[in-house]
Each structure stands twice: as C-alpha cells, then as structure tokens.
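# Structural overview
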Amino acid sequence: MQDGVFTYLIDKENVIAEVSENWLAFARNNAWASECRPDNVIGQPLWRFIQGKATRHLYEQIFRQIRGGKRVGPIPFRCDSPEEKRYMSLLPLSSPDGGIRIVSHVVRTEPCDSVKLFDQNTPRSTHFIRICSVCKKIATPDAEWVEVEEGLIRLRLFEADELPELTHGLCPACYQHVLAELESSDKNNENDR
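None of the values given here were measured: they were computed from a predicted structure. (Residues numbered from 1 in each chain as written. Predicted model: local features only at pLDDT ≥ 70, side-chain atom pairs only at ≥ 80, totals over all residues. Heavy atoms only, no water.)

### Structural notes on the overall build of the protein chain
Regarding its fold elements, the protein chain presents five helices and nine strands. Listing each helix as α and each strand as β along the protein chain from the N terminus yields β-β-α-α-α-β-β-β-β-β-β-α-β-α. The 193 residues of the protein chain split such that 43% are buried. For the protein chain, long-range pairs separated by at least 24 residues make up 59% of all intrachain contacts whose partners lie at least 6 apart in sequence. For the protein chain, the exposed surface amounts to about 11000 Å²; the carbon and sulfur share of it is 49%. (Helix = DSSP H or I, 4+ residues; strand = E, 2+ residues; numbered from the N terminus. Buried < 20%, exposed > 50% of the residue type's maximum accessible area, 1.4 Å probe, protein only. Contact = heavy atoms within 4.5 Å. Areas by Shrake-Rupley, 256 points an atom, 1.4 Å probe, with all protein chains shown as cover.)

### Here's the deal with the pattern of salt bridges
Under the definition given, this model contains seven salt bridges. The closest approach of N and O atoms between Glu84 and Arg86, which form a salt bridge, is 3.4 Å. Note on Glu84: relative accessible area 25%, which makes it partly exposed. Arg108 is the salt-bridge partner of Glu110, the closest N and O atoms lying 2.5 Å from each other. Of the residues examined, Glu110 reaches a relative accessible area of 28% and is grouped as partly exposed. One salt-bridge network, in which partners are shared between bridges, spans Glu144, Glu150 and Arg154. (Salt bridge = Lys/Arg side-chain N within 4 Å of Asp/Glu carboxyl O.)

### Quick word on the packing of aromatic side chains
Within this structure, the stated rule accounts for two aromatic pairs. The interplanar angle of 40° and the centroid separation of 5.9 Å between the aromatic rings of Trp47 and Phe63 together place this pair among those described as tilted. Here Phe63 lies in helix α3 (residues 53–67) and Trp47 lies in the loop between α2 (38–41) and α3, a separation of 16 residues in the sequence. Residues Tyr59 and Phe63 carry aromatic rings whose centres are separated by 5.7 Å and whose planes lie at 75° to one another, so their mutual orientation is edge-to-face. Within this pair, Tyr59 and its partner Phe63 are both found in helix α3, separated by four residues, close to a single helical turn. (Phe/Tyr/Trp six-rings, centres within 6.5 Å; stacked < 30°, edge-to-face > 60°.)

### Points about the pairing of strand β2 (residues 16–19)
Looking at chain direction, strand β1 (residues 5–10) and β2 are connected through three bridges and run antiparallel. Pairing of Leu9 across the sheet is with Glu18, part of β2. Counting the residues that bridge the hairpin from β1 to β2 gives five residues, and of these Asn14 lies at a positive phi of roughly 65°. (Pairing = 2+ DSSP bridges.)

### A closer look at the nonpolar core
Judged by nonpolar contacts, the single largest core of 35 residues is most densely connected at Tyr8, Phe63 and Cys132. Those elements giving two or more residues to this core turn out to be β1, β2, α1 (23–29), α3, β3 (75–78), β4 (84–94), β5 (100–111) and α5 (172–191). With five residues, α3 is the single largest residue contributor to this core. Here Phe63 is in contact with Ile10, Asn14, Leu46, Trp47, Ile100 and Ile102, once residues within four sequence places are set aside. Membership of the second largest hydrophobic core comes to eight residues, among which are Ile138, Val148, Leu152 and Leu157. (Core = buried A, V, L, I, M, F, W, Y, C linked by side-chain atoms within 4.5 Å.)

### Focus on α3
Between the first and last C-alpha of α3 there are 21 Å, a value that for 15 residues agrees with the 21 Å anticipated at 1.5 Å per step. Of the residues making up α3, those classed as buried are Thr55, Leu58, Tyr59, Ile62, Phe63, Gln65 and Ile66. Mapping the buried residues of α3 onto a view down its axis gives an arc of 160°, with all of them on the same face. Relative to its buried face, α3 has exposed residues pointing more than 90 degrees away, namely Lys53 and Arg64. (Expected span 1.5 Å × (residues − 1). Arc of directions from axis to C-beta.)

### A word on the environment of Ser20
Positionally, Ser20 belongs in the loop between β2 and α1. For the pair Ser20 and Val103, spaced 83 residues apart in sequence, the C-alpha separation works out to 9.6 Å.

### Here we look at the sheet that holds β5
Read across the open sheet, the five strands follow the order β2-β1-β5-β4-β3; overall the sheet is antiparallel. Edge positions in the sheet fall to β2 and β3, since each has one partner strand and no second. Neighbour-to-neighbour, the strand axes of the sheet open up by a mean angle of 25°, direction not taken into account. Across six bridges, the pairing between β1 and β5 is antiparallel. What sits directly across from Ile10, in β5, is Ile100. Running over the sheet, α3 touches β1, β3, β4 and β5 and is turned about 35° from β4. (Axes fitted to C-alpha atoms, helices over the stretch in contact; angles between N-to-C directions.)

Take a look at the structure:
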C-alpha cells in the first residue's frame, strides 16, 4: 500500500469490513481519537463516522450509483491534520457482493500553523460550529463559509477558554459541486452504453 493511499471496504449493509494497513498511522497523524483504531472501526456502520445530513445524503447517492453499476469520481476533498492541509481524492469502486471499496489518496499537502480546532485532545465547550466535510471551511453565524483561519478570527475562538465541538455538513459550493459530479458521472455512464 502506498503511503499516501488509504482504503476501506464497506459491505452491502454499509458496515466497514476492512481498512488498509496504514489506516492507524493516518488516524494518528490526524490526531483522531482512539475510536478510529482499526479494531474499533471494523464491524461498525459507516454512518457512525459520517456527520451531517447533507454529507450522509451525498454518500448515499454515491453508493446508490456505484451499486447500480455506474462509475463515480474521483471526488476532491480535504482531510487536514492539526499541522497540515491535505488535499485528497476519493474514488469509490464497486466490490463483489454489493460492497464498495473507498480509495483515498493524498494529492498534495501544505504545511499550516497548528490548528487546535482539529486536535481531538483539545478541551471542548458545549457549543458547536459547522465545518464543511469536503473543503473544511467554517460556517459563520451570518451563513457565510470561510477558511478555517478566517473563521477562527471571526468567531473569536482565539479568545475562548475552550474550543467548540465540530459538527460536519457541506457548504453550498461543495454540495453543488458533488451533485454536479454525480450528474456528470451519470451522463458519462449513459454515453458509455
């Protein structure tokens, strides 16, 4: 398995059946909690790890197309660690018995100042802020989506004793982009017939 490629397999019931050997190292680099260790992930429904109705809805649509014999992707997304911006690509592939193999690979990285907001060990308040599952922009109270660094300033999070919990969703631009990608994949699949 290449260092920058991470895979997992879900079965026909959307339960995680296996993860790549480098899964644990990737989880540690992301400062993910111990719940993302392979022995805590395998056998669990994928939906346990996908937050936000819009994100789940898009995954359901992607899975429906893949299981219907169509090709989808690759789909760009970000998976940042506390010290690095990671631009990645997700490619869902049909697997025997109705399963789907998800192949993610790192397209490029950029160093960034440590962002405690992404560190799972940072003390949290009972407040929530929404972050886009694809591009990692933060929703502001005036419904604008901004880069993390700008969001930290606008929300005055540097002054807070505890950082808010993160809840995931999709910003309007990413939601429309992924929907357009799905529609484009659907048209390409029809043209291939």
